[in-house]
Amino acid sequence: MISSIAELIADRIGTMPASERRAAQTLIASYPMIGLKTVAEFSAAAGVSSPTILRFVARLGFQNYPEFQSSLQDELAAQLQSPATRTLNPPSPGGGTVSPMLEATLDNMRETFRHLSDKQLVDIAARLADRRGKTFLIGGRFTDPLARYMAAHLAVIQPDVFHLAGQESMWRDRLIDMGKRDVLVIFDIRRYQDSLLRFAEKAHQRGVQIVLFTDQWLSPIARFARHVIAGRTAVPSAWDSSAALFVVAETLIGAVTRQLEADGARRIREMEGLR
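Please read all numbers here as calculations on a predicted model, not as lab measurements.

Chemist: Looking at this structure, how should I read empty space enclosed by the protein?
Modeler: A water-sized probe rolled over the atoms picks out the places where empty space is left. Going through the model one piece at a time under the given rule, you end up with one cavity of 30 Å³ or more. Its volume calculated, the largest cavity comes out at about 40 Å³. Taken together, I28, A29, S30, Y31, L218, S219, P220, A222 and R223 make up the lining of the largest cavity. Of the residues in the lining of the largest cavity, the class split is six nonpolar, two polar and one charged.

Chemist: Mind showing me how you'd approach the pattern of salt bridges here?
Modeler: Once the charged atoms of two side chains with opposite charge are near each other, the side chains can pair. Taken as a whole and assessed by the stated rule, the structure comprises 16 salt bridges. Across the pair R232 and E7 runs a salt bridge, and its minimum N-O distance is 2.6 Å. Placement of R232 in the loop between β5 (227–231) and α12 (243–259) and of E7 in helix α1 (residues 5–12) is noted, with a sequence separation of 225 residues between them. In this pair, the class of R232 matches that of E7, namely buried. Two residues, D263 and R131, come together in a salt bridge whose shortest N-O distance is 3.5 Å. In this pair, D263 sits in helix α13 (residues 261–274) while R131 sits in the loop between α8 (118–129) and β1 (135–139), placing the two residues 132 residues apart along the sequence. Residue R131 is classed as partly exposed on the basis of its relative accessible area, which comes to 43%. A single network of salt bridges, built from pairs that share partners, joins E7, E111, R114 and R232.

Chemist: Could you clarify how one ought to interpret the sheet that holds strand β3 (residues 183–187) in this entry?
Modeler: Pairing between the strands of a sheet comes from backbone hydrogen bonds, and it takes one of two forms, parallel or antiparallel. What the five strands build is an open sheet, ordered β2-β1-β3-β4-β5; its pairing is parallel. Edge positions in the open sheet fall to β2 (161–163) and β5, since each of these has one partner strand only. Averaged over neighbouring strand pairs, the angle between their axes works out to 15° when direction is ignored. In this sheet, strand β4 (residues 209–215) lies alongside β3 in parallel orientation, the contact comprising five bridges. Bridging across to β4, V185 finds its partner in V211. α8 rests against β1, β3, β4 and β5 of the sheet, and its axis sits at about 125° to β5.

Chemist: Help me understand the packing of helix α9 (residues 144–157) against α12, please; the structure alone is not making it clear to me.
Modeler: Packed helices, taken two at a time, are described by the angle between their axes plus the distance between the axes. For the pair α9 and α12, the least separation of the axes is 10 Å and the interaxial angle reads 10°. Comparing the axis directions of α9 and α12 gives the class roughly parallel. Along the contact surface, α9 presents L146, Y149, M150, H153, L154 and I157, while α12 presents L245, F246, A249, E250, L252, I253, V256 and T257. Residue composition of the contact of α9 with α12, grouped by class: eleven nonpolar, two polar and one charged.

Chemist: Can you help me understand the layout of surface pockets in this one?
Modeler: Put simply, the largest pocket is a space of about 820 Å³. Lining the largest pocket we find 26 residues, and of these A10, I13, Q120, R226 and V228 sit closest to its centre. Looking at the lining of the largest pocket, the elements that each hand over two or more residues are α1, α2 (18–29), α8 and β5. Taken together, the residues of the lining of the largest pocket break down into 13 nonpolar, seven polar and six charged.

Here is what the cut-offs are and how they apply
Residues numbered from 1 in each chain as written. Predicted model: local features only at pLDDT ≥ 70, side-chain atom pairs only at ≥ 80, totals over all residues. Heavy atoms only, no water. 1 Å grid on protein atoms, 1.4 Å probe; cavity = no way out; pocket = protein on both sides within 12 Å on 5 of 7 lines; lining within 4 Å. Points joined across faces, edges and corners; volume = space filled by probe spheres on them. Nonpolar A, V, L, I, M, F, W, Y, C, P; charged D, E, K, R; others polar. Salt bridge = Lys/Arg side-chain N within 4 Å of Asp/Glu carboxyl O. Helix = DSSP H or I, 4+ residues; strand = E, 2+ residues; numbered from the N terminus. Buried < 20%, exposed > 50% of the residue type's maximum accessible area, 1.4 Å probe, protein only. Pairing = 2+ DSSP bridges. Axes fitted to C-alpha atoms, helices over the stretch in contact; angles between N-to-C directions. Contact = heavy atoms within 4.5 Å. Parallel < 35°, antiparallel > 145°, perpendicular 65-115°, else oblique.

See the structure below:
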């Protein structure tokens, strides 16, 4: 299974010198468009030299800059695919109906966790368990059920957890309650939702820390996110699969529950007593 450039960066950024890390961060902040510009334009945007950009590209495993750009162009084409496109050009199932879907889903889970470090999971869980701030969760047309599911669990073990539902104007009204101690969890996969991008930008301007669940091609919300979880979503279907992101969400729910073990258990007992 071919890794996206964003996944390659996640795997290798820890070994990059500071100048190459700036190139990587610049690319992620404007993914993938800045990488489709010339070497000179990319280097100017990152504030590094042109040779640094070429070393960065080589570190990711590309023979040259055109090969790197070709890979980005393929990713951009994949980003823009609609369900109609995938219906008209479905992958060959190779026999049967259930087996290819199951195998693709399991591969998605394995690849998602292969590119997701333990440190990142620990850092996100610690942020979600921080009682000094509030937690807000929201998703797109097809991913909002994941946000609602995660919010329902987190709200059992700690106060001040809110699922943002309804119209966009209602989300914006909640910005007044958001500040630098708060975290906003957003689920956004292709084709990315403009309303979520606008909301994320406003929250970022207020200092809210954003945790983004997205796909391997990266929602543009990544430029505003403190943490980005890039899960695999492509399966042999007209529809993308959120199964890998769901498992990551459940992993974080479990990690936060362990961190809040005493307070969470006390809160659960009190809830049971009120039923």
